[in-house]
Amino acid sequence: MATPSYRNAKNVGHVMIGQGAIAQLGEVLAPLRAKGGPAVWFFDHFFAHNDLPKRVPVVEGDVVIFVDTSEEPTTDGIDAYTDQVRKELAGAMPCALLAFGGGATMDTCKCVGNLLTNPGKAEDYQGWELVKNPAPYKIGCPTLSGTGSESSRTGVLCNEAKNLKLGMNSDFTMFEQLVLDPDLSVTVPREQYFFTGIDTYMHCFESLSGSYRNVVVDALAEKALDLSRHVFLSGDMMAEENREKLMIASYLGGLAAGFVGVVHPLSAGLSMVLHMHHGIANCYALSVLEDIYPVQYREVMDMMQKQGVSLKKGICANLTDEQYQQLYDASIVHEKPLTNALGPDYRKVLTPENVIARFKRM
Ligand code: ZN
C-alpha cells in the first residue's frame, strides 16, 4: 500500500484578542523594529479620513499605503502597490507589514508581502504552493470581520485578463501575528458589516455541507457558524459583544478554511463580470440557490430582514449574451468547490442554461 501524504497545516503564530488590544501594538512591533528596516502600513482608504492612522505607532521613515477597496483586489493592482512599496523602501527590507481593513486590505498586504521577496508578477503566484521565498513578517488587524483573511493562507485576486478569481495559496501568505480588537470595527457602515460578516457563515455552511471534510475543519466551522448565527439573529448585530463574537467567528472560519460549495463560484462570477464585492455577491448567489441550500437560504433571508438589510433586484437583468457567458465561465471554472457540493457530475445540474437563468433572477 502506498504511504499516504498528509498536509502539514500551519496556523497563525500569535493572536491577541480583546477590546483595546490595539494599544499593545507598539510592544508587538518593538522587537521587529530592533532588527532594523521601516514598517509598511496598509490601511483601507476609509481610514484616510479617520484618526486610526494617528492612533497606531507609525514612525518617521515608515511607508503608509491607503488601499483603494472600492473594488476587489486585482493582479494588476497588486503589481502597482508592490512597485510603490519597493520604490518607497528604496532597497530596504521592511521589519514588518501591517494591515488595517477587511479582506481586500489584508489580501493586498499578504500578496504584496509575497512579491517583495519573490520575483515576477502577482499572476505568477495565483494557485497553490507557487510562492518559494518567505515574505516579511506580517501583522493583521482586521477592522471588518467575515472573510477570514486574517487567518487563512490565501490572498484572493481578480485577474481581469484571464477572467479568473484565484488566490495565492501558500503558508508564506499567512500573517504571523493578529490583533483582534472589536473597537476597530465600530465605525463600519451597517450594510458593509452585514455583507462582509456573513461571509464566515457562507464559508462554514458550505464546508459543512460538502463532501470534502475533516474533523478539525468541521469543529472550527461549526463554532464559527454558531457565533455568526448568534450575531445576525440577535437584535443588534453591531452591539459590542457581537462585534467581538463576529471577529472571533471570522478568525475561526479562516482557520477552518474548508472547501466551499456553489455559493462561492457564482459569487466569483459576479465579482469578475460586475466587479461586485465578495460579501454582497455571496448573498446574491445564495438568493438563487434555494433549491440547493433551502435551509441556509431561509436563514439568511431571515437574518437580512432582522438586520434591515436588503438586496436590490435586477442586477443582471440587462446584460449582453457575452456577459452572461462570462458569468457562467467565471463560475463553472471552480471545479473543486462545485464537486465538493454536487459531486463530479455537477455540470449536469449546472448547465449553462440553468446557471444563466439563476443570474437573470438576481
Ligand atoms: Zn468568502
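Thresholds, definitions, all that
- Residues numbered from 1 in each chain as written.
- Predicted model: local features only at pLDDT ≥ 70, side-chain atom pairs only at ≥ 80, totals over all residues.
- Heavy atoms only, no water.
- Axes fitted to C-alpha atoms, helices over the stretch in contact; angles between N-to-C directions.
- Helix = DSSP H or I, 4+ residues; strand = E, 2+ residues; numbered from the N terminus.
- Parallel < 35°, antiparallel > 145°, perpendicular 65-115°, else oblique.
- Contact = heavy atoms within 4.5 Å.
- Donors = N, O, S within 2.8 Å, 3.2 Å for Na, K, Ca; no water.
- Buried < 20%, exposed > 50% of the residue type's maximum accessible area, 1.4 Å probe, protein only.
- Patch = residues over 30% accessible without salt bridge, like charges linked within 9 Å, V, L, I, M, F, W, Y side chains within 5 Å.
- Areas by Shrake-Rupley, 256 points an atom, 1.4 Å probe, with all protein chains shown as cover.
- Salt bridge = Lys/Arg side-chain N within 4 Å of Asp/Glu carboxyl O.
- Pairing = 2+ DSSP bridges.

Caption draft 1: Local environment of the packing of helix α6 (residues 215–232) against helix α10 (residues 294–307). For the pair α6 and α10, the least separation of the axes is 9 Å and the interaxial angle reads 40°. As summarised for this structure, α6 and α10 are arranged oblique, according to the angle between their axes. Contacts from Ser-228, Arg-229, Val-231 and Phe-232 in α6 reach Glu-299, Met-303, Lys-306 and Gln-307 in α10.

Caption draft 2: Representation of the coordination of the zinc ion within the structure. Protein-derived coordination of the zinc ion comes from Asp-199 (OD), Asp-199 (OD), His-203 (NE2), His-264 (NE2) and His-278 (NE2), at a distance range of 2.0 to 2.6 Å. Look at where the donors of the zinc ion fall in the sequence and you get D-x3-H-x60-H-x13-H. Here His-203, found in helix α5 (residues 190–208), pairs with His-278, found in helix α9 (residues 278–287); they are 75 residues apart in sequence, far enough to count as distant. Judged by its relative accessible area of 19%, His-203 is buried.

Caption draft 3: Quick look at a nonpolar patch on the surface. Together, Val-58, Val-64 and Phe-66 make up an exposed nonpolar region whose accessible area comes to about 190 Å². Along the chain, the position of Val-64 falls in strand β3 (residues 63–67).

Caption draft 4: Expanded view of the sheet that holds strand β7 (residues 156–159). Read across the sheet, three strands follow the order β5-β8-β7 without closing on themselves; strand pairing throughout is mixed. With partners counted over all chains shown, the strands left at the sheet margins are β5 (127–128) and β7, one partner each. Here β5 pairs with strand β8 (residues 164–169) via two bridges, running parallel. Directly across from Trp-128, in β8, lies its bridge partner Asn-169.

Caption draft 5: Representation of unusual backbone geometry. The phi angle at Ala-90 is positive, at roughly 45°, despite the residue not being glycine. Its place among the elements puts Ala-90 in the loop between α3 (75–89) and β4 (96–101). With a relative accessible area of 65%, Ala-90 lands in the exposed category. Of note, His-275 is a non-glycine position whose phi angle comes to about 55°, a positive value.

That's the geometry; what it means functionally is another story.
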